[in-house]
Amino acid sequence: MAKPMVTAAAKLALENAWDGLLPIDPREIANGILVSGRADDYYPIHVEAIPDLEYSGEAFFDDARQRFVCRFKSSEYPTRNNFTIAHELGHIILGHVNKGERPRRDTRVRMFSNDSKEVDANQFAAELLMPKKEILTAVDRYDSLDKVARIFQVSSTAMSYRLKNLGLLSVEFA
Ligand SMILES: [Zn+2]
């Protein structure tokens with residue numbers, strides 16, 4: 001079940017930082033917004049590409065530089081990187097990482113998880129990279145899932161989950 005709060009957070013990020021062009025670059029979204037801390041303060045998000053990162057991605061608050069950091073393993077596929085960055089952005093924007101806390105690490109960003117924060121970060125990533133309105137337009141125009149996935153620069157797997165969640169694809173996943 002999609003959570004309305006997560007949908008609202010993704011919408012707000014897009015409204016503030018998206019230039020309206022596809023594919024949506026989660027790095028640009030990160031650069032275009034500030035995130036509130038626990039008090040009335042706002043911090044930027046710094047995105048770092050690290051080829052040999054031990055995880056697919058991680059998110060944390062950098063106390064020395066007073067900013068949120070989102071790191072991703074840049075040697076993975078660009079489509080995977082996009083989803084990972086958007087997922088880590090979700091952890092930051094949804095308040096899953098805070099000052100003084102250990103980094104939140106994702107060994108591998110998976111579509112399925114029992115951890116509610118992982119589920120929420122995935123929902124955020126899907127709705128950030130594949131907004132409903134743009135998906136409906138693309139699905140109307142192209143009948144190939146791979147083509148639609150390429151336009152949004154996500155994996156076919158990520159796109160098929162999104163289409164299924166929007167009721168546009170009636171396939172069961174085992
Ligand atoms: Zn995660």
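Because the structure is predicted, anything quoted here is derived from the model rather than measured.

Draft legend 1. Broad picture of the pairing of strand β4 (residues 67-73). Extensive coverage of β4 is indicated by the burial of six of its seven residues. The pairing of strand β2 (residues 42-50) with β4 spans six bridges and is parallel. By the bridge assignment for β4, His 46 is matched with Val 69. Bridge count between strand β3 (residues 57-62) and β4: six bridges; the pairing is antiparallel. Across the sheet, Gly 57 pairs through a bridge with Phe 72, a residue of β4.

Draft legend 2. Seen up close, helix α3 (residues 78-93). Over its 16 residues, α3 runs 22 Å from end to end, which matches the ideal 22 Å to within 8%, given 1.5 Å per residue. Counting buried positions over the 16 residues of α3 gives 14, a clear majority of the element. Gly 95, located one to two residues past α3, shows a positive phi value of around 80°.

Draft legend 3. Spotlight on the sheet that holds β2. Taking strand neighbours across the sheet as the criterion, the five strands line up as β1-β2-β4-β3-β5 in an open arrangement whose pairing is mixed. Looking at which strands have only one partner, the edges of the open sheet turn out to be β1 (34-36) and β5 (104-106). The sheet shows a mean angle of 30° between the axes of neighbouring strands, direction not considered. Pairing analysis gives three bridges linking β3 to β5, with the strands arranged antiparallel. Each bridged residue has a counterpart across the sheet, and for Glu 58 the counterpart in β5 is Arg 105. Set on the sheet, α3 makes contact with β1, β2, β3, β4 and β5; between it and β4 the angle comes to about 155°.

Reading guide: rules and limits
Residues numbered from 1 in each chain as written. Predicted model: local features only at pLDDT ≥ 70, side-chain atom pairs only at ≥ 80, totals over all residues. Buried ≥ 20, exposed ≤ 12 C-beta atoms within 10 Å, placed from the backbone. Helix = DSSP H or I, 4+ residues; strand = E, 2+ residues; numbered from the N terminus. Pairing = 2+ DSSP bridges. Expected span 1.5 Å × (residues − 1). Axes fitted to C-alpha atoms, helices over the stretch in contact; angles between N-to-C directions. Contact = placed C-beta atoms within 7 Å.

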